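# Examination of the molecular architecture
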Amino acid sequence: MRIDRLDAQLIRLLTESPQLPILECARRLGIARGTATSRLARLHEGGVIEAIVPRIDPAGFGYGVVAFCLVEIDQKVGHDEVATALADAVPEIVDMHTVTGASDMQLRLVARDATRLQEVLDRVALVPGVARTASSIAMRTHLSGRVLPLVEHVATDEVLSG
């Protein structure tokens, strides 16, 4: 789906202020309410915007330790089955990807402290289909969920090329 600068500006507004009413978005962008509404509907229907929700930082409620866990799965068990079991067993998993390379899956998980992180990793290892894990603790997060620069780049690129 093609997005332009107005789409990018609307996405930025709603990313920074998820509860902003559409009328206020239209006012800030200097466009009609109907234009803002139709743009937002098009972005939803096109799969650009999945949902408009507040961005939650687990550190804000005590989960300040971030770790990455590489998971090798038993090849007799499917990725989807393991993914579902992990999601059901470990609420501290905040991202999960099937990956290529030395492991089969990569998880980003959070914990209150190092002791609780070990408990989380133990629960991951006990999930049926998990053959082996390797983990590392993030010392500092520089970027997380960063998409606005990409949206703005694509919108600018569309203007230049189109």
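The name an unreviewed UniProt entry gives the protein is Lrp/AsnC family transcriptional regulator, with Microbacterium maritypicum as the organism.

## Focus on the sheet that holds strand 4 (residues 130-137)
In spatial order, the strands read 2-3-1-4; together these four strands make up an open sheet with antiparallel pairing. Each edge of the sheet is formed by a strand with only one pairing partner; in this case those strands are strand 2 (93-98) and strand 4. Taken over all neighbouring pairs, the strand axes of this sheet differ in orientation by 20° on average, direction set aside. Summarising the sheet, strand 2 and strand 3 (residues 105-111) pair through five bridges and their orientation is antiparallel. When the bridges of strand 3 are listed, Thr98 appears paired with Met105. Each of strand 1 (65-73), strand 3 and strand 4 is contacted by helix 5 (residues 114-125), which is oriented at about 145° to strand 3, the strand it contacts most.

## Brief notes about the pattern of salt bridges
Using the criterion set out here, one finds eleven salt bridges in the structure. Across the salt bridge formed by Asp7 and Arg39, the nearest N and O atoms sit 2.9 Å from each other. With Asp7 in helix 1 (residues 5-16) and Arg39 in helix 3 (residues 33-45), this pair connects stretches of sequence that are 32 residues apart. Take Asp7 and Arg39: they sit in the same class, and that class is buried. In this structure, Arg12 engages Glu16 in a salt bridge whose closest nitrogen and oxygen atoms are separated by 2.7 Å. Of this pair, Arg12 and Glu16 both sit in helix 1, four residues apart, which is roughly one turn of that helix.

## Comments concerning the side chain of Asp104
When you line up the elements, Asp104 lands in the loop between strand 2 and strand 3. For Asp104, which is buried and forms no salt bridge, the nearest opposite charge comes from Arg132, at a distance of 8.0 Å. At 2.8 Å, the side chain of Asp104 forms a polar contact with the backbone nitrogen of Ile73. Beyond its immediate sequence surroundings of up to four residues, Asp104 is in contact with Val71, Glu72, Ile73, Gln75, His79, His97, Thr98 and Val99.

Conventions adopted
- Within each chain, residues carry numbers counting from 1 in the order of the written sequence.
- Confidence filtering applies because this is a predicted model: local features only for residues at pLDDT of at least 70, side-chain atom pairs given and counted only at 80 or more, and all residues used for totals across whole chains, interfaces and linings.
- As a convention, hydrogens and water are excluded, and side-chain values are obtained from all of the structure's heavy atoms.
- Here the rule is simple: two strands pair whenever DSSP picks up at least two bridges between them.
- Helix and strand definitions follow DSSP, with helices as H or I runs of at least four residues and strands as E runs of at least two, each counted in order from the N terminus.
- Where helices are involved, their axes are fitted lines through C-alpha atoms of the stretch in contact, as for all axes, and angles between N-to-C directions lie from 0 to 180°.
- By definition in these notes, contact holds between two residues if any of their heavy atoms fall within 4.5 Å.
- The salt bridge criterion pairs a side-chain nitrogen of Lys or Arg with a carboxyl oxygen of Asp or Glu, the two atoms within 4 Å.
- Working definition: with a 1.4 Å probe on protein chains only, accessible area under 20% of the residue-type maximum means buried, over 50% means exposed, and in between means partly exposed.
- Only four residue types enter the tally: Lys and Arg on the positive side, Asp and Glu on the negative side; His and the chain ends are excluded.
- For this analysis, a polar contact is any N or O atom pair within 3.5 Å, provided that within protein one partner can donate a hydrogen and the other can accept it, and provided that sequence-adjacent residues contribute only side-chain to side-chain pairs.

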